[in-house]
Each structure stands twice: as structure tokens, then as C-alpha cells.
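# Understanding the architecture of this molecule
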Amino acid sequence: MPLDLPALGFGTYKLRGTEGSEAVAGAVELGYRLIDSAYNYENEGTVGAGIRAAVERGHASREEIIYTSKLPGRYHERSAALATVEESYYRSGIGPIDLYLIHWPNPKQGHYVEAWKALIEARERGLVKHIGVCNFLPEHLDILEKETGELPEVNQIELHPAFPQVGALEWNTSRGIITEGWSPLGRGAALDSAPVRNAARSHDATPGQVVLAWHRAVGSLAIPKASSRKRQQENLDSLKLDLTADEIESITSLGNPDGRLKGQDPATYEEF
Ligand SMILES: NC(=O)c1ccc[n+]([C@@H]2O[C@H](COP(=O)([O-])OP(=O)(O)OC[C@H]3O[C@@H](n4cnc5c(N)ncnc54)[C@H](OP(=O)(O)O)[C@@H]3O)[C@@H](O)[C@H]2O)c1
């Protein structure tokens, strides 16, 4: 079955423990269906518990939720990758993982094709349902296709007004790859600029809602993280906001080539 994703997801980096699982359960209660975790966030258990609680409380069925986790760079080699997917599966405790992504390509190590083959194998074994990547540049994606004949369904990349990734978005779309935007609010830094403030004023919306509406307009599936119920609801309400073409353009024009939050260029940056 092709991957069918909602227009907005929910990030969970730094949500841990009971407070974190309640935040996840609350997000599902409000209507979030795409929940983003990773092996390296050390919260797959927390997120799985939150999803189980939401299902037990009748807020959604397990089948409606798309739970995502990610393979760390230190486990790209086949047997380590497969054991890691199994570990993610056991940690979350909610059955097959709906979407599993390679977290970073780590091109200097050069094992991402092997990792991709392992994810294909994990899918064949029923551990995961859909597979994708994060932080892959077109050159890495081309290599995956050449070596395995299969492109990822999702590429999750850093994307926010200071770093709008117009070229990467176009490239992904042209290959049928869904672009998810990580740190979609720039961890808060994206909220304070004249184009965002002006649009917020004219739509009687919040800066967060404007930035998330901008993501939707440019074709980026944003996965904002929010601890409080108030912000979770605020972010969901961005789905009701449509910006004008001028507003979209003026927010996109905030971008600059050095706009990454922490300079993590996937061509050179490595994460293990
Ligand atoms: N694949 C990757 O390499 C990668 C890298 C980074 C992140 N991610 C994923 O992307 C998700 C989102 O990115 P992120 O957590 O780095 O940053 P983000 O979603 O851009 O920003 C989260 C921050 O913004 C605050 N916030 C949320 N909604 C807000 C609103 N409406 N108004 C004002 N502030 C608001 C949150 O505060 P509170 O929580 O206090 O409400 C939190 O401090 C992560 O959680 C993770 O799942 C993936």
C-alpha cells in the first residue's frame, strides 16, 4: 500500500518519560496521526507508551497512526542495522513500525547503501511497513536508486524559513519522494521576522501557525514538536490557515545558504 501521510506530523525529540508519553497521547487525542521518533532520541519506549495509551483511551486506532523511527549512523552495516530495527520494534512495543528512516547518510563512512538494503530486508521480514531516509542529498538518492532500484518514500530534511531548501524540495517531488521538514519552526528561531509577523497580524494567527501554513504551501510536511497541549492545538490549527502567494514568497525569501540551524551539511556532517 502506498504511504498516505497527513498534512502535519508531530516531533518528539526531547520528549521522554511519563511526561513525554502523556504529551504524545495528548497529541494523538488532539488529532495528530504522524508521530516522529528515532533510536537516537532514546524515547522510542516513551513514544510507544504514549501511542498505546491513546489507543487504549479510544482516541485513535493503532492502524490510523503512522509511527516513525530512525536508524543511527553507527549501525549502517547489515546485521547491526537489522538488529537495531528489531530493537526499535521491541522498544516501541506497538508492532511493525510504520515508517523507518536512515537518520543521516554519513557519506564519509560510505555504508548507507548497505543500510538501505537492510531496511528493504526489514520490510520484507515485516518489521517495518514503509522505508525512507533523512538528510539525503540528491547525489545520495541517485546512488540508492542505482544500487537497489528503489528510492525512499520519504526524505526528512532540515527545512524552515531561514533554510527553505527550494531545490531539494523540487528534486524530491520530481522523484515522487515526500519531503518532511524537520525543525520546521527553526526551534523557535523562525517565528520572529517581519514577513511572519505581518502575515500573523493580517490573518489573526500566531507566528507558529504562519510558519506551518508556509510549510504546507511549499510542499513540506512539517513535524513540529510541542510539549504543551496549547501549542499542539495551536500548531494543528495552522491547517485552517492559507497564506497568500505574496506572503509565501516573502517568507521563502528569508532563506539563505548559511541558514542551517547548526551548520549540519549532510555532505560532510556525520551523526552516529
Ligand atoms: N531527521 C533529523 O535529522 C531530525 C533533526 C532534528 C529534528 N527532527 C525531528 O523534527 C522534530 C521537530 O524539530 P525540532 O524539535 O528540532 O524543532 P521545532 O519543531 O522547529 O521547534 C520545537 C520548539 O518550538 C517550540 N514550539 C512548538 N510550537 C510552537 C509554537 N506554536 N509557538 C512557539 N514555539 C513553539 C517548542 O516548545 P515546547 O516543546 O516547549 O512547546 C520547541 O521548543 C523533532 O522533534 C524530531 O522529531 C529530525
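This one's a predicted model, so the numbers in the text were calculated from it and none came from an experiment. (Residues numbered from 1 in each chain as written. Predicted model: local features only at pLDDT ≥ 70, side-chain atom pairs only at ≥ 80, totals over all residues. Heavy atoms only, no water.)

## Brief notes about the overall build of the chain
Keep this limit in mind: Numbering of helices and strands runs from the N terminus, with a helix taken as a DSSP run of H or I at least four residues long and a strand as a DSSP run of E at least two residues long. Each radius of gyration reported is based on C-alpha atoms, and the globular scaling rule is 2.2 Å times the count of residues to the power 0.38. Only protein chains enter the calculation, and the probe is 1.4 Å; a residue is then buried if its accessible area is under 20% of its type maximum, exposed if over 50%, and partly exposed in between. Any pair of residues with heavy atoms lying within 4.5 Å of one another is described as a contacting pair. The method behind every accessible area is Shrake-Rupley, applied with a 1.4 Å probe, and residues are considered shielded solely by the protein chains displayed. His is not counted, nor are the chain ends, whereas Lys and Arg count as positive and Asp and Glu as negative. Each charge is placed at NZ for Lys, CZ for Arg, CG for Asp and CD for Glu.
What the chain contains, in helices and strands, is 10 helices and eight strands. Relative to the globule expectation of 19 Å for 272 residues, the C-alpha radius of gyration of the chain, 18 Å, shows essentially globular dimensions. Judged by the C-alpha coordinates and their principal axes, the chain covers about 55 × 45 × 30 Å. Counting the 272 residues in the chain, one finds 54% classified as buried. Long-range pairs, those at least 24 residues apart, make up 75% of the contacts in the chain between residues at least 6 apart in sequence. Entry remark: accessible area of the chain is about 11,800 Å², with carbon and sulfur atoms responsible for 48%. Here the chain holds 28 positive side-chain charges and 38 negative ones, and the gap between their average locations is 5 Å.

## Topic: the site of the ligand
Definition in use: Only a single heavy atom is needed: when it lies within 4 Å of a molecule or strand, its residue is near that molecule or strand. Identification of polar contacts relies on pairs of N or O atoms within 3.5 Å, with a donor-acceptor requirement for protein atoms, meaning one able to donate a hydrogen and the other able to accept it, and with residues adjacent in sequence counted only if both atoms are side-chain atoms. Buriedness for pockets is judged along seven lines, at least five of which must meet protein on both sides within 12 Å for an open set on the 1 Å grid over protein atoms alone, while cavities are sets there where a 1.4 Å probe fits but cannot get out, and lining residues have an atom within 4 Å of a point. Any molecule with more than half of its atoms within 2 Å of a cavity's or pocket's grid points is regarded as sitting in that cavity or pocket. Lys, Arg, Asp and Glu make up the charged group, whereas Ala, Val, Leu, Ile, Met, Phe, Trp, Tyr, Cys and Pro make up the nonpolar group; the residues left over, Gly among them, are polar.
Not every one of the 26 residues close to the ligand is listed here, only the nearest: Asp36, Ser183, Arg187, Lys225 and Ser227. A distance of 2.9 Å separates an oxygen atom of the ligand from a polar atom in the backbone of tyrosine 13. Within the side chain of aspartate 36, a nitrogen or oxygen atom sits 2.6 Å from an oxygen atom of the ligand. Bound to the protein, the ligand loses 87% of the 920 Å² it would expose on its own. With respect to the pocket detection grid, the ligand is positioned in the largest pocket. Top contributing element to the shell around the ligand by residue count: helix H9 (residues 229-236), with three residues. Class assignment for the residues of the shell around the ligand results in 11 nonpolar, nine polar and six charged.

## A word on the UniProt feature "site: Lowers pKa of active site Tyr" (unreviewed entry) in the chain
Where we set the bar: UniProt positions are given in the numbering used here, feature names are shortened, and annotations may be inferred rather than shown by experiment.
When the UniProt feature table is mapped onto this chain numbering, "site: Lowers pKa of active site Tyr" (unreviewed entry) sits at Lys70. Mapped onto the elements of the fold, lysine 70 is located in strand S3 (residues 66-71). On the basis of relative accessible area, lysine 70 is assigned to the buried category, the value being 0%. Leave out the neighbours within four places in its chain, and lysine 70 touches Asp36, Ser37, Ala38, Tyr39, Tyr41, Tyr100, Leu101, His103, Cys134 and Gln156. A distance of 3.0 Å separates the side chain of lysine 70 from the backbone oxygen of serine 37, its partner in a polar contact.

## With respect to the packing of aromatic side chains
Worth spelling out the cut-off: Working definition: rings of Phe, Tyr and Trp (its six-membered ring) pair if their centres are within 6.5 Å, and the pair is stacked with planes under 30 degrees apart, edge-to-face with planes over 60 apart, and tilted otherwise.
Considering all chains together, one arrives at seven aromatic pairs under this definition. For the ring pair phenylalanine 10 and tyrosine 32, a centre distance of 5.1 Å and an interplane angle of 55 degrees mean the geometry is tilted. One end of the pair, phenylalanine 10, is in strand S1 (residues 10-11); the other, tyrosine 32, is in the loop between helix H1 (17-30) and strand S2 (34-36), with 22 residues separating them in the sequence. Like tyrosine 32, phenylalanine 10 is buried. Between tryptophan 104 and tryptophan 182 the ring centres are 6.3 Å apart and the planes differ by 70 degrees, which places this aromatic pair in the edge-to-face class.

## Describing the side chain of glutamate 158
Filter applied, for reference: A pairing counts as a salt bridge when a side-chain nitrogen of Lys or Arg comes within 4 Å of a carboxyl oxygen of Asp or Glu.
Checked against the element boundaries, glutamate 158 lands in strand S6 (residues 154-158). Of the side chains with opposite charge, arginine 260 lies nearest to the buried glutamate 158, which makes no salt bridge, at 4.5 Å. Polar contacts involving the side chain of glutamate 158 include one to the main-chain amide nitrogen of leucine 261, which spans 2.7 Å.

## Re the UniProt feature "active site" (unreviewed entry) in the chain
When the UniProt feature table is mapped onto this chain, "active site" (unreviewed entry) is found at Tyr41. By the element assignment, tyrosine 41 lies in the loop between S2 and helix H2 (44-56). Exposure remark for tyrosine 41: the relative accessible area of 16% places this residue in the buried category.

## Topic: the layout of surface pockets
What counts is decided by this rule: Grid points are joined across faces, edges and corners, and a volume is the space filled by probe spheres set on the points.
As a volume, the largest pocket reaches approximately 840 Å³. Along its surface, the largest pocket is lined by 33 residues, and Tyr13, Ser183, Pro184, Arg187 and Lys225 are the ones closest to its centre. When residues of the lining of the largest pocket are assigned to their parent elements, the largest contribution, three residues, is made by H9. Of the residues that constitute the lining of the largest pocket, the class distribution is 11 nonpolar, 13 polar and nine charged. Quantified by volume, the second largest pocket comes out at close to 310 Å³.

## Some points on the packing of H1 against H2
Under the convention used in this document: Helix axes are fitted only over the stretch in contact, all axes being lines through C-alpha atoms; the angle between N-to-C directions runs from 0 to 180 degrees. Oblique is the label for any angle not under 35 degrees, not over 145, and not in the 65 to 115 range, which are roughly parallel, roughly antiparallel and roughly perpendicular in turn. The hand of a helix crossing depends on one turn: near helix anticlockwise from the far one by less than a right angle means left-handed, and clockwise means right-handed.
Between H1 and H2, whose axes approach to 7 Å, the crossing angle comes to 45 degrees. In terms of their interaxial angle, H1 and H2 are classed as oblique. H2 is crossed by H1, and the crossing has right-handed handedness. Contacts between H1 and H2 involve Gly17, Gly20, Ser21, Val24, Ala25 and Val28 from the first element and Thr46, Val47, Ala49, Gly50, Ile51, Ala53 and Ala54 from the second. Residues belonging to the contact of H1 with H2 are distributed by class as follows: eight nonpolar, five polar and no charged.

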